[in-house]
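The primary structure of each chain is shown beneath.
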Amino acid sequence: MVSRDCHMIGVVEGFLVLACVVLVGYAIGRVGVLGPSATEVLSRTAFFVASPALLFTTLSRADVTAVFSANLLVTAVTSSLACLLYVPVGRLRRRPAGETAIGAMASGYVNAGNLGLPVAAYVFGDATVVAPVLLFQLAILTPVFTTVLDVVSARRNGHRTTWRRTVLAPLRNPLAIASALGLVVTASGLTVPEVVLAPVELLADLAVPAMLLAFGISLSGASRPGRDPDVRVPLVVIVLLKNVIHPLLGLGFGLLLGLSGTELMAVVVCAALPAAQNVFGYAVRFGHGVTLARDAVAVSTLLSLPVIFMAVALLA
């Protein structure tokens, strides 16, 4: 068992990795070297090119038998609950459907990739701890939310949203397509030739830095989080759900399933991770809830550090 001090150091190192790239993006935004459309271009590049490549390479290599465990069940239940708990808030406040979808996603979609992986590697000495979270988010949450946003965007742009268009929406979604292909490869045991996989891996390496840079650039000209009165209450609700309710759900459901020790700490720490930069990228791509997504990612990231410290201190 790794010592508690090592766990704490690991959390800090994971956050520093994230902060450094975001700060580079912030500096780029202040200088303006990439122009006024940098955030949108980087976000669209990540959505249409790099993220599908990352989804495919990650899922095609997933050890399905290893991730189908109690941790996956905890992740599926708690993440879904955190997302669903936000929906009544958006509806009661009569917020647009697209913004409500973004708010729901920010409440339960954790930063398991570019923050969760290094935190898991440093804290637990095993990056595969976040594999159940990654699998559920990449295979289920990402296709579902991006399909919803695609349908809502079609309605906003005046297109008829027939049942056929809704059902076929995942076929127009590069993330859903990449997820499906990756799962087919890992389930069938196929081996992708290296000559095919190498360029896909090269594109996949662009996904995380592109999203982090886009987020950093967006912060360079942004007002302080919560300043927009339209997003103030939704932002508070998202932060409560993401930084407080979600980890408590992980703790409660983990105890209910009899988890203890490192397994219990793993599900709580994963649930305590902040809202993912992907949420901001999808908000920019579909043009829904951009300010709310940016503020939610920034605030939940800052607040997640003491929450994760507390979880490690109590459960290590």
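Everything in this summary refers to the structure shown in the same document. This structure is a prediction, so every number in the text was calculated from the model and none was measured. (Residues numbered from 1 in each chain as written. Predicted model: local features only at pLDDT ≥ 70, side-chain atom pairs only at ≥ 80, totals over all residues. Heavy atoms only, no water.)

As for the overall build of the protein
Condition: The numbering of helices and of strands both runs from the N terminus, where a helix is a DSSP run of H or I of at least 4 residues and a strand a run of E of at least 2. Accessible area is worked out with a 1.4 Å probe on protein chains only. A residue is then buried under 20% of its type maximum, exposed over 50%, and partly exposed in between. Note on definitions: a residue-residue contact is assigned when non-hydrogen atoms from the two residues lie within 4.5 Å. Reported accessibility uses the Shrake-Rupley method at a 1.4 Å probe radius. Residues are deemed covered only where the shown protein chains occlude them.
Counting its regular elements, the protein contains 15 helices and zero strands. Evaluated residue by residue, the protein yields a buried proportion of 49% over its 316 residues. Of the contacts made within the protein by residues no fewer than 6 positions apart, 84% connect residues no fewer than 24 positions apart. Roughly 14,200 Å² of accessible area belongs to the protein as shown, and the carbon and sulfur atoms make up 68% of that amount.

Some remarks on the packing of aromatic side chains
Our working rule: Two rings belonging to Phe, Tyr or Trp (six-membered ring only in the last case) form a pair when the distance between their centres is within 6.5 Å. Interplanar angles under 30 degrees mark stacking, angles over 60 mark edge-to-face geometry, and anything in between is tilted. We call a charge positioned above a ring when the Lys NZ or Arg CZ atom is no farther than 6 Å from the ring centre and deviates by at most 35 degrees from the ring normal.
What the rule picks out here adds up to zero aromatic pairs. Of note, Arg285 hangs over the ring of Phe286, and the distance from its end group to the ring centre comes to 4.6 Å.

Description of helix α4 (residues 70-92)
Worth spelling out the cut-off: Multiplying 1.5 Å by the residue count of a helix minus one yields the expected span of that helix.
Between the first and last C-alpha of α4 there are 34 Å, a value that for 23 residues agrees with the 33 Å anticipated at 1.5 Å per step. Taken together, the buried positions of α4 are Asn71, Leu72, Val74, Thr75, Thr78, Ser79, Ala82, Cys83, Tyr86 and Gly90.

Considering helix α12 (residues 229-256)
Let me state the cut-off plainly: Note on bend: at a given residue it equals the angle between the axes fitted to the 7 residues ending there and to the 7 starting there. Counted as a polar contact is a pair of N or O atoms within 3.5 Å, where, for protein atoms, one must be capable of donating a hydrogen and the other of accepting one, and residues adjacent in sequence contribute only when both atoms are in side chains.
Across its 28 residues, α12 extends 39 Å between first and last C-alpha, which sits within 8% of the 40 Å expected from 1.5 Å per residue. Considering bend angle alone, the principal kink of α12 is centred on Ile245 and spans about 35°; proline Pro247 follows within four residues of it. Among the residues making up α12, those that are buried are Val231, Pro234, Leu235, Ile238, Val239, Leu241, Lys242, Asn243, His246, Pro247, Gly250 and Gly254. Where α12 is buried, its residues contact α4, α5 (97-108), α13 (261-272) and α15 (290-315). Among the residues of α12, the N-terminal cap falls to Asp228, whose side-chain oxygen and the backbone nitrogen of Asp230 are separated by 3.0 Å.

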